[in-house]
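Each chain, letter by letter, is given below.
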Amino acid sequence: MNEAAPAVTQASDVENLVRGEYRHGFVTDIEADTVAPGLNEDVIRLISAKKYEPQFMLEWRLKAFRHWLTLQEPHWAHVRHAPIDYQSISYYSAPKSKQNAPRSLDEVDPKLLETYEKLGVPLHERAKLAGVAVDAVFDSVSVATTFRKKLAEAGIIFCAFSEAVKSYPELVEKYLGSVVPYSDNFFATLNSAVFTDGSFVFVPKGVRCPLELSTYFRINAANTGQFERTLIIAEEDAHVSYLEGCTAPMRDENQLHAAVVELIALEGAQIKYSTVQNWYPGDANGVGGIYNFVTKRGECRGADSRISWTQVETGSAITWKYPSVLLRGDNSIGEFYSVAVANHYQQADTGTKMIHIGRNTRSTIVSKGISAGHGQNSYRGLVKVLAKAENARNYTQCDSLLMSDRCGAHTFPYMEVKNPTAKVEHEATTSKISDDQLFYCRSRGVATEDAVNMIVSGFCKDVFKELPMEFAVEAQRLLAVTLEGAVG
Amino acid sequence: MLSIKNLHAKIEDREILRGLDLEVKAGEIHAIMGPNGSGKSTLAHILAGREGYAVTNGSVTYLGKDLLTMPPEERAREGLFLAFQYPVEIPGVNNVYLLKAAYNAIRKHRGEEELDAVDFLALVRARMQLIEMDADMLSRAVNEGFSGGEKKRNEILQMLVLEPKLALLDETDSGLDIDALKVVAKGINKLRSPERAVLMITHYQRLLDYIAPDFVHVLAGGRILKSGDGNLALELERRGYDWILAEAAV
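Being a predicted model, the structure only gives us computed values, none of them experimental. (Residues numbered from 1 in each chain as written. Chains lettered and ligands numbered in written order. Predicted model: local features only at pLDDT ≥ 70, side-chain atom pairs only at ≥ 80, totals over all residues.)

Trainee: I tried to follow the interface of chain B and chain A on my own but got confused; where do I start?
Mentor: It is common to give the size of an interface as the accessible area lost on bringing the parts into contact. Counting from both sides, the interface comprises 21 residues of chain B and, opposite them, 17 residues of chain A. Element by element, the count of residues in the side of chain B that touches chain A is highest for helix α3 (residues 95-109) of chain B, at 5 residues. Looking at side-chain class alone, the side of chain B that touches chain A contains 15 nonpolar, 3 polar and 3 charged residues. (Contact = placed C-beta atoms within 7 Å. Helix = DSSP H or I, 4+ residues; strand = E, 2+ residues; numbered from the N terminus. Nonpolar A, V, L, I, M, F, W, Y, C, P; charged D, E, K, R; others polar.)

Next up, the structure:
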């Protein structure tokens, strides 16, 4: 099946293909509908057909796949991992793989439940997060319905990506890949070929989204973790704030995550994108955990637009992500606020790229890296000012906090300035959580753990204050749980 | 209240305290003076529970309990307070936030209800007035960007809010101008009561002009070489320490 097969668009052909492949290893049962491991054009055609995608989508995927075959996995990041066998991954699984799912909370790892408890996750949500195979674990339907109604009244589209491809193909075709082209990089290209679902947001001209959009409320959100695709478009003068993720760790069997997020802000538009990433980091000895290789990029396409990334990255065995902003419109603003934690044997290589193209463009970068245990934390950032970007401004602040003697903090700031009117500032500090600070707090009656939390929260304050209020409180609690017993 | 018997302590391989004895009763104010490197700050740190010191002999009893086995936070909750010689900066942590956490940790330990933010702030503001402290110091990060004098004043504020039974003041007077010194002394005198005791470590007689001690001790070579009343401090001011060292050597 490796030779180019004829284009498959009709349902009957799909069925034939599925059935045909079944003899050669497709696995189908009542609950799961999983393609056998391996990646070739037929698998991509199948994914596209399963989703009843229009022709342009399939062609885009195939273009990406053919390009991907020419690429090499990148190794410039300051991370190490065993080779990834891309042919051993199953690229399609629908609607839900439940064979291995626990049947009840009693079967869930007690450690995970303990974490939920500490994070204050309501009882009725724990089962869903832990991936318990029960339908309608909690009644989110009514909440979600009200939520959607309100958005629809404002003319805002917020739906699953696959739904958008079917219902709003002209918008998808116009904007998809316009910030992160299918040929962008190894992982983004892989995502372009095989992505299964994600979120789509469209805020029409002049509309200020009345609610924080959260993946939490998105219908069909389950099981899109591995190759997620998100596209957010804010038309002229539209405002939107989007929350991705959840402070509670989610159960996920897939090791490789390669998501792509594209943001497009037209003239006067503002997009605020906040992430709390808490995928499984592996155990205390560095066994297991998610490889989180994400491409996130926004484009301030119109004048006076603004894109702001805020991220709290506490999970994953390896984090490799650089939420970036292309500042194309004059007077546009890009911001990046990040807290990244590397505990135990976690590795984080994260940062941002601010590309100043338009005049009077401004960018702010605040990065807080926390390393504990044997964790390795790298900040990697690029500030690029192109020749026509008159009066560009950048301010970068990059702080590292070390919590043990075995962890590492690394900073790789790159600057390329091609316009003499630019002002680019970079400040960096590295500090160890000091015995003096701890002793000072303890000598006032504050317990060690509380003192550590206090000091770490203080360190992250500049980032937390950028998060929506409720999220900020959760993030603080998450940090406390993540770093429990980390001082040493 | 505090009973130190034959205390020996080392830092790394260096013996700093060599058989120190001291008795402090409720209501008393003690001043410990002595030349540089005599072990004054070491004593304060050991009493507050700082790690890095090895007690090789002797005992310290505080309110009938073995002080040396208690972790620092428990000592604080039992009413012991150390005003640091060099208060540390904690960026991003609000000054009043730390103070409230400390205050409520101590209340909780005593089985009392935690004070809410409004009542707590009222209490802190009242104490701040006593020592003429600017209100904006509350909203700043703990000691961050404070001048030397502001840091010392902040220590005294914490002491007045936490109302310790035994206050240890480690060179709280050094680096203060005369006006600041008077204000700090006022704060310390405010704390004075029959139920409380104060142990002041100082280099200078001038603090004792404003806070009259009941006892003055000379610490040198890791031991108390001489004890007396306020007049001893005046004599030290006049004659220095050599005569005491000579006396002790005889």
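There's more to say after this.
Trainee: In this structure, what is going on with helix α9 (residues 186-194) of chain A? I would like to understand it.
Mentor: Because an α-helix completes one turn every 3.6 residues, residues spaced three or four positions apart along the sequence face the same direction. Residues and elements named next belong to chain A. The element α9 is extensively covered by neighbouring structure, given that 8 of its 9 residues are classed as buried. Listed in full, the buried residues belonging to α9 are Phe187, Ala188, Thr189, Leu190, Asn191, Ser192, Ala193 and Val194. Its buried side turned inward, α9 meets α2 (41-50), α3 (55-68), β7 (228-234), β10 (260-265) and β12 (291-300). (Buried ≥ 20, exposed ≤ 12 C-beta atoms within 10 Å, placed from the backbone.)

Trainee: Before we go on, may I ask you to explain the nonpolar core in this structure?
Mentor: Generally speaking, a soluble globular protein has its nonpolar side chains buried in company with each other. Ranked by size, the top nonpolar core spans 191 residues in total, and within it A:Val201, A:Ala234, A:Val240 and B:Leu168 carry the most contacts. Once residues within four sequence positions are removed from consideration, B:Leu168 is found in contact with B:Ala44, B:Leu47, B:Ala48, B:Phe81, B:Leu82, B:Ala83 and B:Leu199. (Core = buried A, V, L, I, M, F, W, Y, C linked by C-beta atoms within 7 Å.)

Trainee: What exactly am I supposed to notice about the sheet that holds strand β16 (residues 333-342) of chain A here?
Mentor: Across a sheet, paired strands are connected by hydrogen bonds in the backbone, their directions being either parallel or antiparallel. Residues and elements named next belong to chain A. Strand order across the open sheet formed by 8 strands is β6-β8-β11-β13-β16-β18-β20-β22, with parallel pairing between neighbours. A single partner strand is all that each edge strand has here, and the edge strands are β6 (213-214) and β22 (423-432). Relative to strand β11 (residues 270-277), strand β8 (residues 239-245) runs parallel, the two being bridged by 7 bridges. Paired with Tyr242 across the strands is Tyr273, a residue of β11. The strands touched by helix α11 (residues 448-464) within the sheet are β13 (306-313), β16, β18 (362-371) and β20 (393-402), with β18 carrying the most contacts at an inclination of about 160 degrees. Here helix α12 (residues 469-482) sits on the sheet and contacts β8, β11, β13 and β16; the angle it forms with β11, its principal contact strand, is near 25 degrees. (Pairing = 2+ DSSP bridges. Axes fitted to C-alpha atoms, helices over the stretch in contact; angles between N-to-C directions.)

Trainee: In this structure, what is going on with the pairing of β18(A)? I would like to understand it.
Mentor: Look at any regular strand and the pattern is simple: side chains alternate between the two faces of the sheet. Residues and elements named next belong to chain A. Among the 10 residues that make up β18, 8 are buried, leaving the element largely enclosed by the rest of the structure. The sheet contact formed by β18 and β20 spans 10 bridges and is parallel. Considered in β20, the bridge of Thr364 is made with Tyr395.

Trainee: Help me understand unusual backbone geometry, please; the structure alone is not making it clear to me.
Mentor: One can expect most non-glycine residues to show negative phi and most peptide bonds to be in trans. For A:Tyr52, which is not glycine, the phi torsion reads 50 degrees and is therefore positive. Checked against the element boundaries, A:Tyr52 lands in the loop between α2 and α3. A:Tyr52 sits in the partly exposed class, given 13 other C-beta atoms within 10 Å. The phi torsion at B:Glu163 lies on the positive side, around 45 degrees, for a residue other than glycine. In this fold, B:Glu163 is placed in the loop between α6 (148-162) and β9 (166-170). Note on B:Glu163: 16 C-beta atoms within 10 Å, which makes it partly exposed.

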